[in-house]
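# Descriptive analysis of the structure
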Amino acid sequence: DDDISPNKQSREKYLKEANPDQYDDAYFMDRLMHSTHTKRSDYASALRQWFEYFPKDQFLILNYEDVARNPRDLLKEVFSFLGVDGGDDSCNGNSIVDFTGEEEIHTRFNAASDPQLKRSMRPSLQKKMEAYLESYTNDFNSLLEELGYVWRLGGKVTHNNATECT
């Protein structure tokens, strides 16, 4: 079929360009080390700048892994932090989070939906990126500890001010 629709051509071009196998590790490391990405990787410095203007207790730092693992509990933590009815302070179980269905609460947005794009990072590239980002990770971990959070890479962020229903 020589007559390929523009949408199909566009999609095929996108999938080809999005395929990380066509790029070597140096390509990705060059982009990671660019000042734009370096600044975006330095969460601790960015947060410290915000702390100059706002009290630290007005921030809730969450681990994305908790979004994937247990979004319902994470939503309750956010609601509780914000003082919104429906969070952990709704101990009677009638919170909006409790009434939200499983499918709805686990629906992900902005996730790659094409199976061709779902693949693991090359181990060689992951090792290089982790080495480059190690100082930022260590600084962020120190800040989290200073703020009363517990952070372990691949682990969970919890806050000492979390509330429990009794």
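Fair warning: this is a prediction, and the values are worked out from it, not measured in the lab.

## Quick word on the overall build of the protein
Secondary structure summary: the protein contains nine helices and two strands in total. When the helices and strands of the protein are placed in sequence order, the string is α-α-α-α-α-α-α-α-α-β-β. A buried classification covers 23% of the 166 residues belonging to the protein. The contacts of the protein with a sequence gap of at least 6 include a subset with a gap of at least 24, amounting to 59%. Summed over its atoms, the accessible surface of the protein is roughly 12500 Å², and 51% of this surface lies on carbon and sulfur atoms.

## Let's talk about helix H2 (residues 25-32)
Those residues of H2 that fall on the buried side of the exposure criterion are Asp-25, Met-29 and Leu-32. Each buried residue of H2 lies within a common arc of 60 degrees when the element is viewed along its axis, so the set occupies one face. Lining the buried residues of H2 we find helix H3 (35-41) and helix H9 (123-146).

## Observations regarding H9
For H9, with 24 residues, the first-to-last C-alpha span of 32 Å sits near the 34 Å given by 1.5 Å per residue. The largest bend along H9 measures about 50 degrees and falls at Leu-133. By the burial criterion, the buried members of H9 are Leu-125, Met-129, Tyr-136, Phe-140, Leu-143 and Leu-144. In this fold, the buried residues of H9 make contact with H2, H3, helix H4 (43-51) and strand S1 (149-150).

## Details of the side chain of Asp-25
Residue position: Asp-25 is located in helix H2. At a separation of 2.9 Å, a polar atom in the side chain of Asp-25 contacts the side chain of Arg-122.

## Here we look at the confidence of the model for the protein
Averaged over every residue, the pLDDT of the protein is 77; the share at 70 or more is 71%. Mean pLDDT values for the elements of the protein range from 46 in strand S2 (residues 158-159) up to 95 in H4. Here residues 154-166 is modelled with pLDDT under 50, and outside its nearest four sequence neighbours on either side it reaches 28 contacts, counting other chains as well.

## So, the pattern of salt bridges
Applying the stated criterion across every chain, the model contains seven salt bridges. Across the pair Lys-56 and Glu-146 runs a salt bridge, and its minimum N-O distance is 3.4 Å. Of this pair, Lys-56 sits in the loop between H4 and helix H5 (64-69) while Glu-146 sits in helix H9, and the two are 90 residues apart along the sequence. A relative accessible area of 42% places Lys-56 in the partly exposed class. Residues joined by salt bridges that share partners form a network here, namely Asp-25, Arg-122 and Lys-128.

## Quick look at the environment of Pro-20
When you line up the elements, Pro-20 lands in the loop between helix H1 (6-18) and H2. On a C-alpha basis, the gap between Pro-20 and Arg-119 in space is 9.3 Å, while along the polypeptide they are 99 residues apart. If we skip the residues at most four places from it in the chain, Pro-20 touches Phe-28, Arg-119 and Arg-122.

## What about the packing of H4 against H9?
To describe two helices that pack against each other, one gives the angle between their axes and the distance between the axes. Running from N to C, H4 and H9 cross one another at 40 degrees; their axes reach a closest spacing of 8 Å. Looking at the two axes, H4 sits oblique to H9. Of the residues in H9, those in contact with Tyr-43, Ala-44, Ser-45, Leu-47, Arg-48 and Phe-51 of H4 are Asp-139, Phe-140 and Leu-143. Of the residues in the contact of H4 with H9, the class split is six nonpolar, one polar and two charged.

Reading guide: rules and limits
Within each chain, residue numbers correspond to sequence positions counted from 1 in written order. The model is predicted, so local features are restricted to residues of pLDDT at least 70 and side-chain atom pairs to those at 80 or more, both for listing and for counting; the totals for chains, interfaces and linings are taken over all residues. Water and hydrogen atoms play no part in the side-chain values, which are based on all heavy atoms of the structure. Segments assigned H or I by DSSP are reported as helices when at least four residues long, segments assigned E as strands when at least two residues long, and all are numbered from the N terminus. Think of it in three bands: residues with accessible area under 20% of the maximum for their type are buried, residues over 50% are exposed, and the middle band is partly exposed, with areas taken using a 1.4 Å probe on protein chains only. Contact definition: two residues touch when any of their heavy atoms are within 4.5 Å. Here the open area of atoms and residues is found with the Shrake-Rupley method and a 1.4 Å probe, where only the protein chains shown may cover a residue. When we speak of the arc, we mean the arc of directions from the helix axis to the C-beta atoms. Here the expected span of a helix is defined as 1.5 Å times the quantity of residues minus one. For a residue, the bend is simply the angle between two axes, fitted respectively to the seven-residue segment ending there and the seven-residue segment starting there. Any pair of N or O atoms that falls within 3.5 Å is considered a polar contact. Within protein, one atom must be able to donate a hydrogen and the other to accept it, and sequence-neighbouring residues count only if both atoms are side-chain atoms. The predictor attaches a confidence to each residue, called pLDDT, with possible values from 0 through 100. Any carboxyl oxygen of Asp or Glu within 4 Å of a side-chain nitrogen of Lys or Arg constitutes a salt bridge here. Lines fitted to C-alpha atoms define the axes here, with helix axes fitted over just the stretch in contact, and angles between the N-to-C directions of these axes take values from 0 to 180 degrees. Angle categories are assigned with fixed cut-offs, so that under 35 degrees is roughly parallel, over 145 is roughly antiparallel, 65 to 115 is roughly perpendicular, and the rest are oblique. Gly falls in the polar group here, along with every residue not listed as nonpolar (Ala, Val, Leu, Ile, Met, Phe, Trp, Tyr, Cys, Pro) or charged (Asp, Glu, Lys, Arg).

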